[in-house]
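A structural walkthrough
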Amino acid sequence: MGKKIAIVARLLADRSGGAERIACELANYLDEGGYEVTVLHFDKSNKPPFFPMSPNVQLINLYGHNTLTKKQRWGRLIKNLPFVPKNIREKAQWNFSHDFFMSQLRNYFLFNETEVAISFLPSANTPALLATEGLSVKVVATNHNVPEQDYLSPQRWDPNPLVIIHSGGTNGGLT
């Protein structure tokens, strides 16, 4: 078997979007190339992906029913308190939405010899990057839209309090 690669998509069950199509096609392509591919997602539904996936590709749903991490319990407690500063409420909300997914990803990466993780969309990019902090897993974060809108617009995704926008410099974008 070749290198172990994980494809990370927050939502995949029965979703027919372009990023989901690319994730499934990439999993199939890498499998055909001799890589050991696992697709990790975090769906309340146990439905399969809308797009076909090779039977050799392992599909793992990391969703845990009624399970909250310490950060999520903290987030649930303070996310709606009006006397807590807005930036702290936003971080609490983000932790409430993402911390269990991140902890499940981290546990997967700790106990599997994954060499590369390819994450799809902001809802998986930041959790994958944070989950692999300090590990030898290389992360390729992919965006399929407009990064500034994806990471900062509450209309598109949940605002990410962990992203900094640069207004110039060599990359002129997100870090």
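Computed from a predicted structure; not experimentally measured. (Residues numbered from 1 in each chain as written. Predicted model: local features only at pLDDT ≥ 70, side-chain atom pairs only at ≥ 80, totals over all residues. Heavy atoms only, no water.)

1. Remarks on the overall build of the protein
Summing up its helical and strand segments, the protein has five helices and five strands in all. Reading the protein from its N terminus to its C terminus gives the helix and strand order β-α-β-β-α-α-β-α-β-α. In the protein, which comprises 175 residues, the proportion classed as buried is 40%. Of all intrachain contacts in the protein linking residues separated by at least 6 positions in sequence, the fraction that spans at least 24 positions is 58%. By element, 54% of the accessible surface of the protein is carried by carbon and sulfur atoms, the whole surface being about 9,900 Å². (Helix = DSSP H or I, 4+ residues; strand = E, 2+ residues; numbered from the N terminus. Buried < 20%, exposed > 50% of the residue type's maximum accessible area, 1.4 Å probe, protein only. Contact = heavy atoms within 4.5 Å. Areas by Shrake-Rupley, 256 points an atom, 1.4 Å probe, with all protein chains shown as cover.)

2. Focus: the environment of Phe109
Position of Phe109 relative to the elements: it lies in helix H3 (residues 86-111). The exposure class of Phe109 is buried, given its relative accessible area of 4%. The sequence separation of Phe109 and Thr132 amounts to 23 residues, and the corresponding C-alpha distance is 7.1 Å. In contact with Phe109, other than residues within four places in its own chain, are Ala6, Val8, Leu40, Thr114, Ala117, Thr132, Leu135 and Val137.

3. What to know about the nonpolar core
Membership of the largest hydrophobic core comes to 17 residues, with the highest contact counts inside it found for Ile7, Ala27, Leu30, Val37, Val39, Ile118 and Phe120. Residue assignment for this core shows that the elements contributing at least two residues are strand S1 (4-9), helix H1 (18-32), strand S2 (36-41) and strand S4 (116-120). For Ala27, the residues in contact, after removing those within four places along its chain, are Ile7, Val37, Val39, Met53 and Val57. By size, the runner-up hydrophobic cluster in this structure holds 15 residues, among which are Leu62, Ala124, Ala131 and Val137. (Core = buried A, V, L, I, M, F, W, Y, C linked by side-chain atoms within 4.5 Å.)

4. Some details on the environment of Phe101
Tracing the backbone shows Phe101 in helix H3. In the structure, Phe101 is positioned 38 residues away from Tyr63 in sequence and 7.2 Å away in space, judged by C-alpha atoms.

5. Section: the pairing of S4
Counting buried positions over the five residues of S4 gives five, a clear majority of the element. In S4, alternate side chains face the same way, and those of Val116, Ile118 and Phe120 on one face and Ala117 and Ser119 on the other are all buried. Of the strand pairs in this sheet, S1 and S4 are connected by five bridges, and their pairing is parallel. Each residue of the ladder has a partner; that of Ala9, found in S4, is Phe120. By the bridge criterion, five bridges tie S4 to strand S5 (residues 138-142) in an arrangement that is parallel. Its bridge partner being in S5, Ile118 is matched across the sheet by Val140. You can see the chain leave S4, run along helix H4 (residues 122-131) and come back into S5, and the turn it takes is right-handed. (Pairing = 2+ DSSP bridges. Right-handed = clockwise from strand over helix to strand, strands pointing away.)

6. Observations concerning the pattern of salt bridges
If you walk through the whole model with that rule in mind, you get four salt bridges. Of the charged contacts, one joins Arg21 and Glu25 as a salt bridge, the two residues approaching to 3.1 Å between their closest N and O atoms. Residue Arg21 and its partner Glu25 are both found in helix H1; the two are separated by four residues, about one turn of the helix. (Salt bridge = Lys/Arg side-chain N within 4 Å of Asp/Glu carboxyl O.)

7. Quick word on the sheet that holds S1
The strand order across the open sheet built from five strands is S3-S2-S1-S4-S5, with neighbouring strands paired in parallel fashion. Both outer strands of the open sheet, strand S3 (58-61) and S5, are each paired with one neighbouring strand and no more. When strand polarity is set aside, the average angle formed by the axes of neighbouring strands in this sheet is 20 degrees. Each of S1, S4 and S5 is contacted by H4, which is oriented at about 150 degrees to S4, the strand it contacts most. (Axes fitted to C-alpha atoms, helices over the stretch in contact; angles between N-to-C directions.)

8. Quick word on the confidence of the model for the protein
Mean pLDDT over the protein stands at 82; residues scoring 70 or higher make up 81%. Ranking the helices and strands of the protein by mean pLDDT puts S1 first, with 96, and helix H5 (residues 147-152) last, with 65. With pLDDT under 50 throughout, residues 164-175 is counted as low confidence; its partners more than four residues away or in other chains account for 16 contacts. (pLDDT = per-residue confidence, 0-100.)

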